[in-house]
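Analysis of the macromolecular model
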Amino acid sequence: MFNIEWTGEYIAFIVFSAVIISGAVFMINFTKVVHMVVSLAAVFIGIAGMFVLLNAEFLAFVQVLVYAGAVSILMIFGIMMTKHKESETESKRGLHSLLVGIGAVALFGILFYAIRQTEFPQEQPLQAVEDNTLEIGKLLFTGYVVPFEIISVLLTVAFIGSIVLAKKEANE
Amino acid sequence: MGAWLDESLTWGNALIFFLWGVILLTIVLGFVTYAIYFERKVIGWMQLRIGPNRVGPLGLLQTVADIFKLLIKEDTIPRKADRVLFILAPALAYVPAFAVLAVIPYTQDLYFADINVGLLYYVALSGISTIAIVIGGWASNNKYALLGGMRSAAQMISYEVPLVISVVGVVMMTGSLNLRLIGEHQGNWFWEWNFLPQIIGFVVFIIAAVSELNRTPFDLPEAESELVAGYHVEYSGFRFAFFMLTEYVYVYAIAALTTVLFLGGWHPPAPFLDFVPGIVWFLLKFSCIVFFLFWLRATMPRIRVDQLMGFGWKVLLPLAILNVFITALYLELFIKG
């Protein structure tokens, strides 16, 4: 069942998985908001590591740049700017957490069973290109240029909208 | 040494990687030690002082003594500080600073990692240090530290945008994000280096880079005279040393990056000077940029917070975007034509 070859890739996979899972668990369990953001940043970096393992370097470092860098800092910044409760305490509900625990274990069981049962089709040997960043750029500006432009417009609209909303509040 | 990365990971190869890491770390520590010494000397001369001259011949051991002092100092953590984050922040600041050095090529053959998104790797990782600075400022539980951390976050995010867009022109001219290819693409005459065709990009890059380094005239996050010391005011001993080390490692990284991107890397300024090895040219250009940073510190006053933001968003960003447009037009009309 577990005939695994201990390559560097596999060890890296284990390390990144540990980072992602423990970061996610800590994110939920911490009570201080800043601690949560830091563990979230760890999850983002772990996911970037996974992308590197999948030969998607461009995606990986954009992930680090946008999520681990900018989004995390903006979150921390927002937390610092707004004065709110530094930590939150939850009321303990015994039966509730027991039921949730059973549900989570059941979900894991179903997923694990389904994954083990599935016959994966023999994977096509992917044409590994020399410079996949170049290929992404070519695809974005030839085949996918319309979706790309639409997303740009959408982002600009969201951007202008947030400025309008912020302006309105500032005037009042 | 990049060829080793393609081989399978054996214990022998792991040992080789580890040793190269140690060698680079030693070089960087040596650089930091003497960069601080020269910074104090140069600024001393510019201000008609002598600078450090007591410890060792010509004061050469001054920094060593300072570092030794920092290491044996009492390590204090404020009682109301957030202990875990307070301890984590200096390490979190240093790790990306050292990690970005992996992609910098020194000559045609002397480089560590040859990845095709080298430039993006540099920019992405250097953003992580900002988190560490903000966290350090927050965890200290001190209003000056928090102010410094906030200023730092605002400034570094604002200037990262023009910094990234200003190098897009270079990337377009080369057609690759790989730093080694960008270096290779420039020619053996100095007008074939990127800084002349990309003069707008070069100027924007230098200004944004100085700002990213938190150095004068953009040293608002530290601002000794108004914020005491900014985000690291509560740090002492080796934790403080780590923050300082991070800053100087980034000086190293930015100087090397500027050399590769704009100043032709290891290429000589004229083909008949080809007999001098490439690494010498690299080090010369590198030293010039480091000197330029020290010079700037001795010359410029600090700018105001409101001027800082306006300058970043209203001047540098439009200029950087303009540069991208001009480069695109030029390439479309004259090169592809």
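Looking up chain B in an unreviewed UniProt entry gives the name NADH-quinone oxidoreductase subunit H, with the organism given as Paenibacillus plantiphilus. UniProt annotates chain B under Subunit (unreviewed entry) with the comment "NDH-1 is composed of 14 different subunits. Subunits NuoA, H, J, K, L, M, N constitute the membrane sector of the complex."

If you look chain A up in an unreviewed UniProt entry, it shows as NADH-quinone oxidoreductase subunit J from Paenibacillus plantiphilus. A UniProt comment under Subcellular location (unreviewed entry) is attached to chain A, and it reads "Cell membrane". The UniProt entry for chain A carries the following text under Function (unreviewed entry): "NDH-1 shuttles electrons from NADH, via FMN and iron-sulfur (Fe-S) centers, to quinones in the respiratory chain. Couples the redox reaction to proton translocation (for every two electrons transferred, four hydrogen ions are translocated across the cytoplasmic membrane), and thus conserves the redox energy in a proton gradient."

**A few points about the overall build of chain B**
Helices and strands together make up the secondary structure of chain B, namely 12 helices and 0 strands. Counting from the amino terminus, chain B carries its helices and strands in the arrangement α-α-α-α-α-α-α-α-α-α-α-α. At 21 Å, chain B has a C-alpha radius of gyration in line with the 20 Å of a compact globule built from 337 residues. Projected onto its principal axes, the C-alpha coordinates of chain B cover approximately 65 × 50 × 45 Å. Of all 337 residues assigned to chain B, the portion counted as buried reaches 51%. Excluding contacts between residues fewer than 6 apart, the proportion of contacts in chain B whose partners are at least 24 apart in sequence is 77%.

**Points about the environment of L60 of chain B**
All names here are of chain B. Locating L60 in the fold gives a position in the loop between α1 (11-46) and α2 (62-72). Along the primary structure L60 and T258 are separated by 198 residues, whereas in three dimensions their C-alpha atoms are 28 Å apart. Residues in contact with L60, not counting those within four places in the same chain, are Y34, Y37 and V55.

**Points about the interface of chain A and chain B**
Accessible area lost upon the coming together of the parts is a frequently used measure of interface size. The interface is formed by 28 residues belonging to chain A together with 28 residues belonging to chain B. Considering only the side of chain A, the residues that lose the most area to chain B are F61, I73 and M80 of chain A, jointly responsible for 28% of the buried surface there. Counting across the interface, chain A meets chain B through 1 salt bridge. Run the count over chain A and chain B and you get 1 residue pair in polar contact (both at pLDDT 80 or more). Of all the secondary-structure elements, those providing two or more residues to the side of chain A that touches chain B are α2 (33-53), α3 (57-81) and α5 (132-141) of chain A.

**A look at the UniProt feature "transmembrane region" (unreviewed entry) in chain B**
The positions that UniProt labels "transmembrane region" (unreviewed entry) are, in the present scheme, residues 14-37, 84-107, 119-140, 161-183, 195-213, 248-266, 278-296 and 308-331 of chain B. Across residues 248-266 of chain B one finds 74% helix and 0% strand; the C-alpha atoms that close the span lie 22 Å apart.

**Comments concerning the nonpolar core**
One finds L101 and L261 of chain B to be the most contacted residues of the largest nonpolar core, which totals 75 residues. The element contributing the most residues to this core is helix α10 (residues 237-261) of chain B, with 13 residues. With near-sequence residues (within four places) excluded, L101 of chain B lies in contact with L24, V28, Y106, V249, Y252 and A253 of chain B. Residues V37 and M80 of chain A together with I135 and F243 of chain B belong to the second largest nonpolar core, which totals 27 residues.

Rules of the game
Residues numbered from 1 in each chain as written. Chains lettered and ligands numbered in written order. Predicted model: local features only at pLDDT ≥ 70, side-chain atom pairs only at ≥ 80, totals over all residues. Heavy atoms only, no water. UniProt positions renumbered as here; feature names shortened; annotations may be inferred. Helix = DSSP H or I, 4+ residues; strand = E, 2+ residues; numbered from the N terminus. Rg over C-alpha atoms; globule rule 2.2 N^0.38 Å. Buried < 20%, exposed > 50% of the residue type's maximum accessible area, 1.4 Å probe, protein only. Contact = heavy atoms within 4.5 Å. Buried area = accessible area lost by both parts, 1.4 Å probe. Salt bridge = Lys/Arg side-chain N within 4 Å of Asp/Glu carboxyl O. Polar contact = N/O pair within 3.5 Å; in protein donor to acceptor, adjacent residues only side chain to side chain. Core = buried A, V, L, I, M, F, W, Y, C linked by side-chain atoms within 4.5 Å.

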